[in-house]
Amino acid sequence: MTRILAVRLDSDGDVLLTGPAIRALADIGTVDLLASPSGAAAARLLPGVHTVLEFDAPWSGFRPPAVDTETTLELVERLRTTGYDRAVIFTSFHQSPLPMALLARMAGIGHIVGTSMDYPGSLLDVRLKRADPPGGGHEVEAALDVAVAAGASRPEHPGLRVLHPLPPPPDRLPADLRSGGYVVLHPGASVPARGLRADHAAAIAAALAASGHAVVVTGGPAERELAAETVALARQDCPDATVLDLAGATDLAGLAAVLEAADCTVVGNTGPAHLSAAVGTPVVSLFSPVVPAERWRPYGVPVRLLGDQHAPCRDSRARDCPVPGHPCLSGVSGADVVAAVAEFTQPTDHPVRAAHEAGTGPLSTSRGDR
């Protein structure tokens, strides 16, 4: 069978968005996925991946490492000894596949596919071009275009997926909520401009709690302080409400389990939004327009997009909000979020989630842009 090296050297959210393309490639060969350390956990959750390889690339990420000649040559040798027939390099619009294509060529891989606006010389056998943002389609569709160019067939139902079974809920989640009945609020983001401040997140949590929702605040180990402040402030406003702190209590697979049981996820444009989509849970997305929603909004589940998509920071790719007060998101009130959550928390089972679980869900469902 064809041996395929897929490459996505980004963070967890980017890797999850590549999942449908990986599954398409798995229909034509055995797929190993080369991921960065920040994306390896998501890579291990993707159906269709045979082996996850890790490489901390010096041309990728916010704080890339220095060039390590020995480690780089070790990767080339590992790729050579594995004997891949094809390399399929997935990138975002601001990234180049050419450094990885050079390593793949050095490893003797004979057929290399990627998207490049730069002249690739002899490094790519199939070169795709993509329209400048906000055009160019959603990241999921762009990745599928690359997979199809590499010989895969476009799937009929290309939603996001993760491997099951997922872990049980963490012990910190009370027994009466272990099967669901709560809203997840994930205030943090790896890029500060795409997340929520603690006071804003707390106001949202308090509004959700006051409207009768149990609220579970999640976050990674680096977001414990943000989550703790969010929960403390929310409890001050709504002392008798259920507002729980699960930040740092799970790994990525455990977070997927928490999100899967939730009625809805309230989150910025960051990895857990895509993880929520991958487990079929609707998303209220407080979307900072520093990147275009047309490319990066949650995919394949019901989504309510909140936030000023025409704010001055639009398409700036800023890591820190360049406008005092973070107005693109801070203008979203707790009442706005409560109303959006209400669209997805009706007592009847949501038909789109049922379709997702059956593997027959739509490409995308939107409830409109604020």
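This section reports on the structure supplied with the text. (Residues numbered from 1 in each chain as written. Predicted model: local features only at pLDDT ≥ 70, side-chain atom pairs only at ≥ 80, totals over all residues. Heavy atoms only, no water.)

1. Overview of the packing of aromatic side chains
Next up, step 1: The full count for this structure, using the stated rule, is one aromatic pair.
Next up, step 2: On the numbers, 5.9 Å between centres and 55° between planes, the contact of phenylalanine 55 with tryptophan 59 is tilted.
Next up, step 3: Judged by its relative accessible area of 4%, phenylalanine 55 falls in the buried class. (Phe/Tyr/Trp six-rings, centres within 6.5 Å; stacked < 30°, edge-to-face > 60°. Buried < 20%, exposed > 50% of the residue type's maximum accessible area, 1.4 Å probe, protein only.)

2. Quick look at the packing of helix 7 (residues 198-210) against helix 13 (residues 334-342)
Next up, step 1: Where helix 7 contacts helix 13, the two axes come as close as 8 Å, and the packing angle between them is 50°. Compared by their axis directions, helix 7 and helix 13 come out oblique. Crossing angle aside, the handedness with which helix 7 passes helix 13 is right-handed. Along its contact with helix 7, which presents Ala203, Ile204, Ala207 and Leu208, the element helix 13 presents Gly334, Ala335, Val337, Val338 and Val341. (Axes fitted to C-alpha atoms, helices over the stretch in contact; angles between N-to-C directions. Helix = DSSP H or I, 4+ residues; strand = E, 2+ residues; numbered from the N terminus. Parallel < 35°, antiparallel > 145°, perpendicular 65-115°, else oblique. Left-handed = near helix turned anticlockwise from the far one by under 90°. Contact = heavy atoms within 4.5 Å.)

3. Side note on the nonpolar core
Next up, step 1: Core analysis: the biggest nonpolar cluster contains 64 residues, and Leu25, Phe90, Tyr182 and Leu275 have the highest contact counts within it.
Next up, step 2: The element contributing the most residues to this core is helix 9 (residues 252-261), with seven residues.
Next up, step 3: Non-local contacts of tyrosine 182, meaning those with residues more than four positions away in its chain, are made with Leu173, Leu177, Ala214, Val216, Ala257, Val258, Ala261, Ala262, Asp263 and Cys264.
Next up, step 4: Ranked by size, the runner-up nonpolar core spans 38 residues in total, among them Leu185, Val191, Val215 and Val284. (Core = buried A, V, L, I, M, F, W, Y, C linked by side-chain atoms within 4.5 Å.)

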